[in-house]
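Here is how the chains run, residue by residue.
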Amino acid sequence: MSFLTDAEATSLRLARMSLHIVSDDEFVPEPEFDIEHDDFLLDRVRDVASASVYRFEEVSTTRDVIEQIVRRDVGFEEGAQALAREFCRFHRGGTRDGAFFVFELGVDNPNTQLYALIKYDYGQALELVEREGHAGLRRIIEAFVGDKTAIQKSALVRVVNGAAKAAISTRDRMGRPTPELTDYFIRYLQVTRDRTDGELTTAVKEVVRTALEDHREFLPPGGVAPAVSRALEVLRNTEAVTEDVVSHAVWMGAGQPTDDQVRNSLKKSVSRLVKRKRLAGVTFPPDGSQLGRPITRVVRTEEGVTIHYNTGLEGGAVRKVDTADGATQFIVTTRKYIDGVASEISGRRG
């Protein structure tokens, strides 16, 4: 599933919030904020709640402070200031000024609390606060509500019975490549990568195969194997795997069905399987070693014709048809081709 369970996502409520300016200047702690724009702020939290790829290390000051707040060993205001102060300490050396939010969130289960830490880029943050003081901070909240694209970093922590779970939800717009975190964010959270790109790619392969197997009655001639091959070809040629990319790959593997009912069924199947494999909201570069190389099939006929093609094209651009008189046809469909003698074609560079 994604980081938030369905019950948590539905019952999520904003209990307390804190907002601080982060920059190269001296950190100035701000008092706790009154709750406002509840629904909009909760939507932002849901937006960043991707499945876990990182987990806390054995020693993590950030985790310890959150647990102290939950147990009320320190008050929320004091604890949130400590979290923001520490973030500001790591936030140096050319990083963009902005606002750092701390949200305490409740759900239906009284033994569970969630904490969201969000760095929001806001270029005018310092100037605004210096000019307008507390009113400037409220303007930042309104800007945050209106522009989710400016969320640069986020972490979502689940605490059960006063103890933070090791697995946390993280996103970092500046991490390259995703889902990697920038070094200073790793040091601030004190986390380590829990699932490699290879493991994530293996999970995606299982999603693709299962989704296509569940829809085998709709697949082109050839069945599941060439359908999976076509889907994996899509994944091999993408820079970043997302749920939308996986959904598109499965659709391509299924022969690009135009029937809306089949397309919707494929999409729902991918969404369900992505949640099951804890891939919801995760973006990562595909690991080519897990996807394998495309297989080239060579067909030679008794008439002396030789056909080379990628097996991922079977049932789509290349179709094998058995005729009533016992013959076999290979039908190739293309939008562009090169016509010439063999020596000319082999010497061309595409």
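Predicted, not measured: the structure shown is a model, and the values here were computed from it.

Draft legend 1. Representation of the packing of aromatic side chains. Enumeration over the complete set of coordinates arrives at eight aromatic pairs. Geometrically, the ring pair formed by Phe87 and Tyr188 is edge-to-face, given 5.2 Å between the ring centres and 90° between the ring planes. Placement of the pair is Phe87 in helix H4 (residues 76–90) and Tyr188 in helix H7 (residues 183–189), with a sequence separation of 101 residues. What makes Tyr188 buried here is its relative accessible area of 1%. Taken together, Phe87, Phe90, Phe100, Tyr184, Phe185 and Tyr188 form an aromatic cluster joined through their ring pairs. Between Arg89 and the ring centre of Phe90, over which it is positioned, the NZ or CZ distance is 4.5 Å. A cation over a ring is seen here: Arg158 above Phe3, with NZ or CZ 4.4 Å from the ring centre.

Draft legend 2. A look at unusual backbone geometry. The backbone of Arg72 shows a phi angle near 65°, a positive value even though the residue is not glycine. Relative to the helices and strands, Arg72 resides in the loop between helix H3 (61–70) and H4. Residues other than glycine seldom take positive phi values, yet Gln190 does so here, at roughly 60°. Within the secondary structure, Gln190 is located in the loop between H7 and strand E8 (191–193).

Draft legend 3. Representation of the confidence of the model for the chain within the structure. In this model, the chain carries an average pLDDT of 87, and 89% of its residues clear a pLDDT of 70 or more. No element of the chain has a lower mean pLDDT than helix H13 (residues 342–347), which averages 55, and none a higher one than H3, which averages 98.

Draft legend 4. Geometry of the pattern of salt bridges. All told, the structure shown has 19 salt bridges when counted by the stated rule. The residue Lys277 makes a salt bridge to Glu206 at a minimum N-O spacing of 2.4 Å. Note that Lys277 is positioned in the loop between helix H11 (260–276) and helix H12 (288–291) and Glu206 in helix H8 (residues 197–213), a separation of 71 residues in sequence. Exposure remark for Lys277: the relative accessible area of 30% places this residue in the partly exposed category. On the basis of relative accessibility, which here comes to 36%, the residue Glu206 falls in the partly exposed class. Taken together, the shared-partner salt bridges connect Glu67, Arg71 and Asp73 into one network.

Each value, and the rule that gives it
Residues numbered from 1 in each chain as written. Predicted model: local features only at pLDDT ≥ 70, side-chain atom pairs only at ≥ 80, totals over all residues. Heavy atoms only, no water. Phe/Tyr/Trp six-rings, centres within 6.5 Å; stacked < 30°, edge-to-face > 60°. Helix = DSSP H or I, 4+ residues; strand = E, 2+ residues; numbered from the N terminus. Buried < 20%, exposed > 50% of the residue type's maximum accessible area, 1.4 Å probe, protein only. Lys NZ or Arg CZ within 6 Å of the ring centre and 35° of its normal. pLDDT = per-residue confidence, 0-100. Salt bridge = Lys/Arg side-chain N within 4 Å of Asp/Glu carboxyl O.

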